[in-house]
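Analysis of the macromolecular model
Now for the letters of each chain:
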Amino acid sequence: MIIFKSPEEIEHIRKASQLTAATLTELAKLVKPGVSTLELDQFAEEYIRSHGGIPSCIGYYGYPATICASVNHEVVHGIPSASRILKDGDVISIDLVSSIDGYHGDSAITVPVGEVKPKVYELLKVTEECLFKGIEQAVAGNHVGDISHAVQSHAERHRYGVVRDFVGHGLGKNMHEDPQIPNYGTKGKGPELRPGMVICIEPMITMGTHKVRVLEDNWTAVTMDRKPAAHFEHTVAITEHGTEILTLRDTPRLIQ
Ligand code: MF3
Ligand code: CO
């Protein structure tokens, strides 16, 4: 069931989304060789709480941290750890959800650590482009499949893999609501997009196979071929006045 949001509810989601965005902006500045993913997590928790928010992921199905920190071949849901030290040439996907007044805001970025190989940089660039191609299709009257198709065709044009096992979603008082927003699909199919819908579009794109598996920690999803992956996500509101990216950062594109 899709839960439609009033302008007042969207204002709450906007507040949470802006806190999520600001936290990601600060986290991106901290990403450097020698930093542990736990240090990033601790910074994020402190930043969110000191700005009046609550980290949404802590305790969600038992998840133990504020951020998901997924390095290189880890696709999503990597658990922050003191022993996971970033090194030059890595990429780290940081996925973050915070809430204010009971409403969430969800966004993710993949950040290069120091100097990365041009091929890896290209993966990040194309994945961020996929996100914006998807957002362009997120307009009232279109269908979910228009978003899915835009993301998939841009990724596959570059011969990348499109992860199937995880999808985007609606968001509001719950972190995950209907509808699902797959990153693969057919134009014109799926639910119609209508004013009052708030959705999270989150392409997860890989340099090789799209197949993933979940590690023994029951969270970390990795590519089957251990090739790198990238993940970018925004929370987007579809309104009478057009589509608004609620988690937009001050510098909208991470990868230039
Ligand atoms: N943004 C992530 C998602 O949409 C949220 C993960 S929080 C976790 O899947 F608790 F599930 F890790
Ligand atoms: Co999400």
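Bear in mind that the values here come from a model prediction, so they are computed numbers and not experimental data.

A look at the overall build of the chain
Counting its regular elements, the chain contains four helices and 15 strands. For the chain, whose C-alpha radius of gyration is 17 Å, the value lies close to the compact-globule estimate of 18 Å for 256 residues. Its C-alpha atoms give the chain principal-axis dimensions of about 45 × 45 × 35 Å. Across the 256 residues of the chain, 53% fall into the buried class. Taking the contacts inside the chain whose residues are at least 6 apart along the sequence as the reference set, 70% of them involve residues at least 24 apart. When the accessible surface of the chain is summed, it comes to about 11,000 Å², and 51% of that surface belongs to carbon and sulfur atoms. Both charge centroids of the chain, one from 25 positive and one from 33 negative side chains, sit 7 Å from each other.

Points about the environment of G172
Of note, G172 is situated in the loop between β7 (168-170) and β8 (177-181). Overall, G172 belongs to the buried group, its relative accessible area being 0%. Here the alpha-carbon distance between G172 and G141, two residues 31 residues apart in the chain, equals 21 Å.

Notes on the coordination of the cobalt ion (ligand 2)
Note on the cobalt ion (ligand 2): its protein donors are D106 (OD), H169 (NE2), E202 (OE) and E233 (OE). The metal-donor distances range over 2.1 to 2.3 Å. Read N to C, the donor residues that coordinate the cobalt ion (ligand 2) are spaced as D-x62-H-x32-E-x30-E. Of this pair, D106 sits in strand β5 (residues 103-112) while E202 is found in the loop between β9 (197-201) and β10 (204-206), placing the two residues 96 residues apart along the sequence. The pair D106 / E202 is uniform in exposure class, with both members buried.

Regarding the packing of aromatic side chains
Under the counting rule described, the total for this entry stands at three aromatic pairs. The lysine or arginine in question, R253, covers the ring of F132, its NZ or CZ lying 4.0 Å from the ring centre.

Thoughts on the environment of G196
Relative to the helices and strands, G196 resides in the loop between β8 and β9. Along the sequence, G196 and S36 sit 160 residues apart, while their C-alpha atoms lie 39 Å from each other.

Regarding the sheet that holds strand β3 (residues 74-76)
Neighbouring strands of a sheet are bound in pairs by backbone hydrogen bonds; such pairs are parallel or else antiparallel. Spatially, the three strands line up as an open sheet ordered β3-β12-β11, and their pairing is antiparallel. Sheet topology places β3 and β11 (212-214) at the edges, where each strand pairs with a single neighbour. Each neighbouring strand pair of the sheet contributes to a mean axis angle of 40 degrees, computed without reference to strand direction. Here β3 runs beside strand β12 (residues 221-223); their pairing, made up of two bridges, is antiparallel. Following the sheet pairing, E74 is matched in β12 by V222.

A word on the pattern of salt bridges
Side chains that differ in sign of charge can pair as their charged atoms come close. Tallying each qualifying case throughout the model produces 10 salt bridges. Here D101 makes a salt bridge to K15, at a shortest N to O gap of 3.4 Å. Here the residue D101 occupies a position in the loop between β4 (91-100) and β5, and K15 occupies one in helix α1 (residues 7-30), the gap between them amounting to 86 residues. For D101, a relative accessible area of 48% puts it in the partly exposed group. Overall, K15 belongs to the partly exposed group, its relative accessible area being 41%. One network of salt bridges, in which partners are shared, links E11, R14 and E244.

Details of helix α4 (residues 144-157)
Look at α4: 20 Å from first C-alpha to last across 14 residues, which is about the 20 Å you get at 1.5 Å a residue. Of all 14 residues in α4, 10 are buried; the element is thus mostly enclosed. Those residues of α4 not exposed but buried are V144, G145, D146, I147, S148, A150, V151, Q152, H154 and A155. Taken together, the buried residues of α4 touch α3 (118-136), β6 (161-162), β8, β9 and β10. Remark: R159 follows α4 within two positions and exhibits a positive phi of approximately 60 degrees.

Procedures and definitions
- Residues numbered from 1 in each chain as written.
- Chains lettered and ligands numbered in written order.
- Predicted model: local features only at pLDDT ≥ 70, side-chain atom pairs only at ≥ 80, totals over all residues.
- Heavy atoms only, no water.
- Helix = DSSP H or I, 4+ residues; strand = E, 2+ residues; numbered from the N terminus.
- Rg over C-alpha atoms; globule rule 2.2 N^0.38 Å.
- Buried < 20%, exposed > 50% of the residue type's maximum accessible area, 1.4 Å probe, protein only.
- Contact = heavy atoms within 4.5 Å.
- Areas by Shrake-Rupley, 256 points an atom, 1.4 Å probe, with all protein chains shown as cover.
- Lys, Arg positive; Asp, Glu negative; His and termini not counted.
- Charge placed at Lys NZ, Arg CZ, Asp CG, Glu CD.
- Donors = N, O, S within 2.8 Å, 3.2 Å for Na, K, Ca; no water.
- Phe/Tyr/Trp six-rings, centres within 6.5 Å; stacked < 30°, edge-to-face > 60°.
- Lys NZ or Arg CZ within 6 Å of the ring centre and 35° of its normal.
- Pairing = 2+ DSSP bridges.
- Axes fitted to C-alpha atoms, helices over the stretch in contact; angles between N-to-C directions.
- Salt bridge = Lys/Arg side-chain N within 4 Å of Asp/Glu carboxyl O.
- Expected span 1.5 Å × (residues − 1).

Just distances and angles here, no functional claims.
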